[in-house]
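Tertiary structure, described
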Amino acid sequence: MLDAGLLESLYELAARTAEAEAHRSDDGEGVAAAARTQAGIELTGVWIDAMVDSACLCAETGPICEAHRLHEPIVASVCVRWTAQAGSVVLPACGVCQERLAAFGTGVLIAVSRTDASTDYVPLTNLRPSPWWDVVETS
């Protein structure tokens, strides 16, 4: 498990990136992700909008691609949405990003918001109650 300070710094990196992205966007909203690799490298990415929804790219896509390029497994990931009204809000990895992150193992820590607005990191496998990889690993 990564220590709380490293996870907090990862969150802060994503929040700063999302806020900077919001100031450049037309709608004042920014979404960014930060991931930490096993070697301690911090990677960031931003959400890419497109005219066709299926062409949009989640913010986690950049760090995931970069980690593959570096042959560095991701051990933790956080995605943050920033707006002037709400500030920073943690977004859990969507289903597609969960599938992409599973390539690094089901123990990858994913940031999630708690009901008290705190942030927690849970293993990827905890986000999916019946993931396909459980069936594959046992057959």
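Residues numbered from 1 in each chain as written. Predicted model: local features only at pLDDT ≥ 70, side-chain atom pairs only at ≥ 80, totals over all residues. Heavy atoms only, no water.

**So, the environment of Ala-117**
Its location among the elements puts Ala-117 in the loop between strand E5 (109–113) and strand E6 (119–123). Between the C-alpha atoms of Ala-117 and Val-89, which are 28 residues apart in sequence, the distance is 8.3 Å. (Helix = DSSP H or I, 4+ residues; strand = E, 2+ residues; numbered from the N terminus.)

**Re the pairing of strand E3 (residues 74–83)**
The element E3 is extensively covered by neighbouring structure, given that 8 of its 10 residues are classed as buried. Direction of pairing for strand E1 (residues 29–37) relative to E3: antiparallel, over a ladder of 9 bridges. Bridge pairing in E3 links Glu-29 to Thr-83. Relative to E5, E3 runs parallel, the two being bridged by 2 bridges. In the strand pairing of E5, Ala-76 is matched with Leu-109. Relative to strand E4 (residues 87–91), E3 runs antiparallel, the two sharing 5 bridges. (Buried < 20%, exposed > 50% of the residue type's maximum accessible area, 1.4 Å probe, protein only. Pairing = 2+ DSSP bridges.)

**Comments concerning the pattern of salt bridges**
For the coordinates displayed, the defined rule picks out 5 salt bridges. A salt bridge links Arg-24 to Glu-21; the nearest nitrogen and oxygen atoms lie 2.8 Å apart. One end of the pair, Arg-24, and the other, Glu-21, are both in helix H1 (residues 4–24), 3 residues apart, so they sit about a helical turn from each other. On the basis of relative accessibility, which here comes to 60%, the residue Arg-24 falls in the exposed class. Ionic pairing is found between Arg-114 and Asp-120, a salt bridge with its closest N-O pair at 2.8 Å. A relative accessible area of 37% places Arg-114 in the partly exposed class. (Salt bridge = Lys/Arg side-chain N within 4 Å of Asp/Glu carboxyl O.)

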